[in-house]
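A closer look at the structure
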Amino acid sequence: MNIIGTGCAHPSLTVTNEMLSGFLDTSDEWITTRTGIKKRQLISDERLEDLATEAATKALENAGVAAEDLDYIICSNVINEYITPSLSCILQGKIGANSPCVDLNGACAGFIYALDIANSFFKSKDIKNILIVCAEEPTRMVDWNQRNTCVLFGDGAGAVVLSRGEDVMAIKLTAVSKPEPLYQMRKLEHTPFINKEEPDGPLVMKGQDVFKLAVESSKNDINSVIDECDLSYNDVNYYLLHQANIRIIDTIRNTLQQDESKFPHNIEKYGNTSSASIPILLDELNRDKKLKKGDKLVLSAFGAGFVAGACLLKWSKE
Ligand code: ACO
């Protein structure tokens, strides 16, 4: 499987740390030193499906593939305004495709899970092109009075078009059922038969537990894909890590003893956009012509569940 096109889309509203400190007991200094985030793009007037559509359209253009030539669409998404139908099905109509489509909720690791599913589809089906769109609005999950969570997130969408090929060299997925450090529960519609208590509320996060789980899972997953391909850390040109926190990225980089230039980041501009963060970063590198043919990339993401995954691939796009 090869990545032949990338795209991304951001909401129009920029919210800086200074703007947050206007209504929250926080500061640019606290947010920058603890997270690396300076600003984020937030959904205000847009709908997530429109960001997904823009990212998908750009990825299709970049790949030179027409929407009607897509054989499958996979959307990675935690929440959006629709409970049903799926975001991928709404997107399919908006871009003018006619393929089957499916959503997955792999939290912040959703892009790696989607890559694994796409890879299996190429092996099991007679298909040519798959579109993955990761579209997320985590800023609608947090309580905007809780400074420990709301400052961390941004909204956005990232997309890739995939075709047959040998570029993806290894994928490792992990899942440990451990919701306590990071979860959100919502109340469903009432019925006359419900007697249980039903929790409802914003995202709950134990930041330090998430930090440790993220570092541990990412290190293990990266080791696993590198070992599987019989490579060393030095053989990898770029490590694209989920953009959750610059200190998580730095901790992993220090363990691997690799140069800072190998860990591109954009968390300072967008905050944590959940599963969209890696495809957005990949699109920036692709469009800035930073990636050279033959470069080896490791993608690594982690999120609520606790789920995680890494992918090692060769870049062959000109
Ligand atoms: N501004 C100012 N002060 C704050 C803020 C804020 N935005 N948020 C918390 N504080 C305060 C706390 O109230 C606490 O005050 P106290 O000492 O008076 O009680 C103090 O800062 C320290 O709080 P901690 O939670 O201990 O701070 P920590 O150094 O652990 O940093 C952080 C918090 C940034 C969330 C860190 O734990 C972290 O990065 N964890 C990883 C979580 C993460 O990345 N989540 C993203 C979503 S999950 C994912 O993508 C996988």
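Given the structure is predicted, the values throughout are model-derived calculations rather than measurements.

Burial runs high along strand β13 (residues 307-314): seven of the eight residues are buried. Relative to β13, strand β12 (residues 296-303) runs antiparallel, the two being bridged by eight bridges. Across the sheet, Val298 pairs through a bridge with Leu312, a residue of β13. The antiparallel hairpin formed by β12 and β13 contains three residues in its connecting segment, where Gly305 sits at a positive phi of about 155°.

Moving on, we come to the packing of helix α3 (residues 48-63) against helix α4 (residues 87-95). It is at 10 Å that the axes of α3 and α4 come closest, and there the two elements cross at 55°. It follows that α3 is oblique to α4 by the angle criterion. Handedness of the crossing formed by α3 with α4: right-handed. Residues Leu48, Glu49, Asp50, Ala52, Thr53, Ala56, Thr57 and Leu60 of α3 form the contact with α4, whose own contacting residues are Leu87, Ile90, Leu91, Lys94 and Ile95.

This paragraph deals with the site of the ligand. Taken together, 25 residues are adjacent to the ligand, and Thr26, Gly207, Gln208, Asn245 and Asn272 come closest. Trp30 places a side-chain nitrogen or oxygen 3.3 Å from a nitrogen atom of the ligand. Gly207 is positioned such that a nitrogen or oxygen atom in its backbone is 2.9 Å from a nitrogen atom of the ligand. Calculation on the ligand without its partners gives an accessible area of 1000 Å², and the protein chains cover 74% of this total.

Under the domain assignment, the chain is made up of domain 1 (2-166) and domain 2 (170-314). Inter-centroid distance (C-alpha atoms) of domain 1 to domain 2 is 14 Å. The interface is formed by 50 residues belonging to domain 1 together with 43 residues belonging to domain 2. Between domain 1 and domain 2, the buried area comes to about 3600 Å², and carbon and sulfur atoms account for 65% of it. Looking at the side of domain 1 facing domain 2, the largest losses of area belong to Cys108, Ile112 and Tyr113, adding up to 18% of the total buried there.

It is worth spelling out the side chain of Asp155 at this point. Note that Asp155 resides in the loop between α6 (147-150) and β7 (156-163). For Asp155, which is buried and forms no salt bridge, the nearest opposite charge comes from Arg140, at a distance of 6.9 Å. Among the polar contacts listed, one links the side chain of Asp155 to the backbone nitrogen of Ile43, at a separation of 2.8 Å. With residues up to four places along the chain from it excluded, the contact list for Asp155 reads Pro11, Gln41, Leu42, Ile43, Glu136, Glu137, Pro138, Thr139 and Thr273.

Mapped onto the elements, Leu203 comes out in the loop between β9 (182-183) and β10 (204-205). Residue Leu203 is classed as buried on the basis of its relative accessible area, which comes to 8%. For Leu203, the residues in contact, after removing those within four places along its chain, are Met141, Val142, Gln146, Thr149, Phe153, Leu182, Tyr183 and Gln184.

Moving on to the packing of helix α7 (residues 207-228) against helix α8 (residues 246-256). Across the interface, α7 lies against α8 with an axial gap of 10 Å and an inter-helix angle of 40°. As the angle between them shows, α7 and α8 are arranged oblique. α7 and α8 meet at a crossing whose hand is right-handed. Here α7 contributes Phe211, Ala214, Val215, Ser218, Lys219 and Ile222 to the contact with α8, which in turn contributes Arg247, Ile248, Thr251, Ile252, Thr255 and Leu256. Taken together, the residues of the contact of α7 with α8 break down into seven nonpolar, three polar and two charged.

Turning next to the pairing of strand β11 (residues 238-241). Here β11 shows no split at all, with Tyr238 and Leu240 on one side and Tyr239 and Leu241 on the other all buried. Where β11 and β12 come together, four bridges link them in parallel fashion. Considered in β12, the bridge of Leu240 is made with Leu299.

The rules behind each value
- Residues numbered from 1 in each chain as written.
- Predicted model: local features only at pLDDT ≥ 70, side-chain atom pairs only at ≥ 80, totals over all residues.
- Heavy atoms only, no water.
- Buried < 20%, exposed > 50% of the residue type's maximum accessible area, 1.4 Å probe, protein only.
- Helix = DSSP H or I, 4+ residues; strand = E, 2+ residues; numbered from the N terminus.
- Pairing = 2+ DSSP bridges.
- Axes fitted to C-alpha atoms, helices over the stretch in contact; angles between N-to-C directions.
- Parallel < 35°, antiparallel > 145°, perpendicular 65-115°, else oblique.
- Left-handed = near helix turned anticlockwise from the far one by under 90°.
- Contact = heavy atoms within 4.5 Å.
- Near = heavy atom within 4 Å.
- Polar contact = N/O pair within 3.5 Å; in protein donor to acceptor, adjacent residues only side chain to side chain.
- Areas by Shrake-Rupley, 256 points an atom, 1.4 Å probe, with all protein chains shown as cover.
- Domains from an automatic or database assignment.
- Buried area = accessible area lost by both parts, 1.4 Å probe.
- Lys, Arg positive; Asp, Glu negative; His and termini not counted.
- Salt bridge = Lys/Arg side-chain N within 4 Å of Asp/Glu carboxyl O.
- Nonpolar A, V, L, I, M, F, W, Y, C, P; charged D, E, K, R; others polar.

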